[in-house]
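Below are the chains, spelled out letter by letter.
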Amino acid sequence: MKTIHAVVEGIGHGIPSKVLTNDDLSKIVDTNDEWIAQRTGIRERRICTEDETASTLGVIAAREALDHAGIAPDDLDMVICATVSGDMPFPSTSCLIQDAIGASKAGAFDLGAACAGFIYATATASAMIEAGQVRNVLVVGVDVLSKFVDWTDRSTCVLFGDGAGAIVLHGRTDTDRGVLKTVMLSDGGGAEHIKLEVGGSKYPMCSPRHGDHSHHIFMAGREVYRFAVTAMGDACCRLLDQAGITAEDIDLFVPHQANLRIIESAAKRLELPPEKVFVNVDRFGNTSAGSIPLGLYEAERDGRLKPGMVVMTVGFGAGLVWGANLIRW
Ligand code: ACO
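Residues numbered from 1 in each chain as written. Predicted model: local features only at pLDDT ≥ 70, side-chain atom pairs only at ≥ 80, totals over all residues. Heavy atoms only, no water.

A. A look at the nonpolar core. With 46 residues, the main nonpolar core has Phe253, Leu270, Leu272, Met312 and Phe316 as its most contacted residues. At the level of secondary structure, the elements contributing two or more residues to this core comprise strand 8 (178-186), helix 7 (221-243), helix 8 (260-269), strand 12 (310-317) and strand 13 (321-328). When residues are assigned to domains, this core turns out to be shared by domain 1 (5-176) and domain 2 (179-328), each giving three or more. Setting aside residues no more than four positions away along its own chain, Leu272 makes contact with Ala247, Ile250, Phe253, Ala267 and Val277. Core analysis: the second largest hydrophobic core is formed by 35 residues, Ala82, Phe118, Ala125 and Ala289 among them. (Core = buried A, V, L, I, M, F, W, Y, C linked by side-chain atoms within 4.5 Å. Buried < 20%, exposed > 50% of the residue type's maximum accessible area, 1.4 Å probe, protein only. Helix = DSSP H or I, 4+ residues; strand = E, 2+ residues; numbered from the N terminus. Domains from an automatic or database assignment. Contact = heavy atoms within 4.5 Å.)

Next up, the structure:
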């Protein structure tokens, strides 16, 4: 039997039109462009309006990815949406996207792995395709964390932005392109370092137990920074090892865009030259599950990612979770 490969046939993106610059932020909290740019590399980010949500951005990205792939919505077998900021606790955001795009024959589910969500969702989709269970899968990565940050907390509100990216994976036996290897890791012992406590079954919104617990994102910046630097290198080295290749064989590195210093330190550990490292954190900030597909989208649009190239993606986030995918584009 021929091996089935999960090949990226289309890619799309969805971003809000509203831009929030560092100077804009300096009018809201006690911060400035110099501090934010030096510590994070971020200059501006996109922010949703009240009417824009995870599903509205996801639908825009999904439609573009389907057009690009030349695949009709009703040819999709599965819609997976990686998000931790879906429109509602239920129904799933993937079902809202499935309905809006008219994927009438597809199953749909959400996957929550924070900023590593797209890594996990792509790995899940490709495993289903390789097993012959499904042929066409839409994978959306989207987060709108601007709706959950504390806009009075300068240590977190400057970091996040909103955005979505989507890919269409198609099962093929006539190519060596596709998702080659995947690594997924977790350490729930670090759960307390990034969390949003309220709104789940532990502290339901507006219940007496909500009490003093915050309905905003909490992040222990320094602890997450230390974890991120180790996690990025760890996931990439395991991935390269499993694939039996070295960093020299990588044509493009598309890491999760949380902080330029974290990206540079991972690139240094892997000895990757700057021209092989994709960066757009300066324009989008940390868009969580949207970050990696948004990076892949721009890399392809700008001609830095072409069919046949080997791209390594890596992500880390709340959980703690981290992981990496190796894809022949
Ligand atoms: N503007 C100006 N000053 C600030 C700001 C700000 N926006 N934020 C914090 N400061 C101050 C602090 O109060 C502190 O002042 P002090 O020394 O007087 O106490 C000083 O700057 C240094 O603060 P640190 O927190 O030590 O700054 P650090 O260099 O660690 O940078 C940062 C903070 C950017 C948050 C960094 O720790 C980081 O990037 N962490 C990782 C974040 C990350 O990757 N998150 C991913 C989340 S993924 C997910 O799943 C959602």
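B. How the structure looks around the environment of Thr56. Tracing the backbone through its elements, the reader meets Thr56 in helix 3 (residues 54-69). Distance from Thr56 to Ala164, taken between C-alpha atoms, is 9.4 Å for residues 108 residues apart in sequence.

C. Local environment of the pattern of salt bridges. Taken as a whole and assessed by the stated rule, the structure comprises ten salt bridges. Residue Arg172 is joined to Asp174 by a salt bridge in which the shortest nitrogen-to-oxygen separation is 2.9 Å. A residue is classified by how much of its surface remains accessible, and Asp174, at 58% relative accessible area, is exposed. One salt bridge connects Glu298 with Arg301, and the closest N-O pair in it is separated by 3.5 Å. Taken together, the positions of Glu298 and Arg301, both in helix 10 (residues 291-301) and three residues apart, correspond to about one turn of that helix. (Salt bridge = Lys/Arg side-chain N within 4 Å of Asp/Glu carboxyl O.)

D. Fine view of the state of the cysteines. This model, assessed by the stated rule, comprises zero disulfides. Between Cys95, a cysteine without a disulfide, and Cys81, which holds the nearest cysteine sulfur, the sulfur-to-sulfur distance is 10 Å. (Disulfide = S-S within 2.5 Å.)

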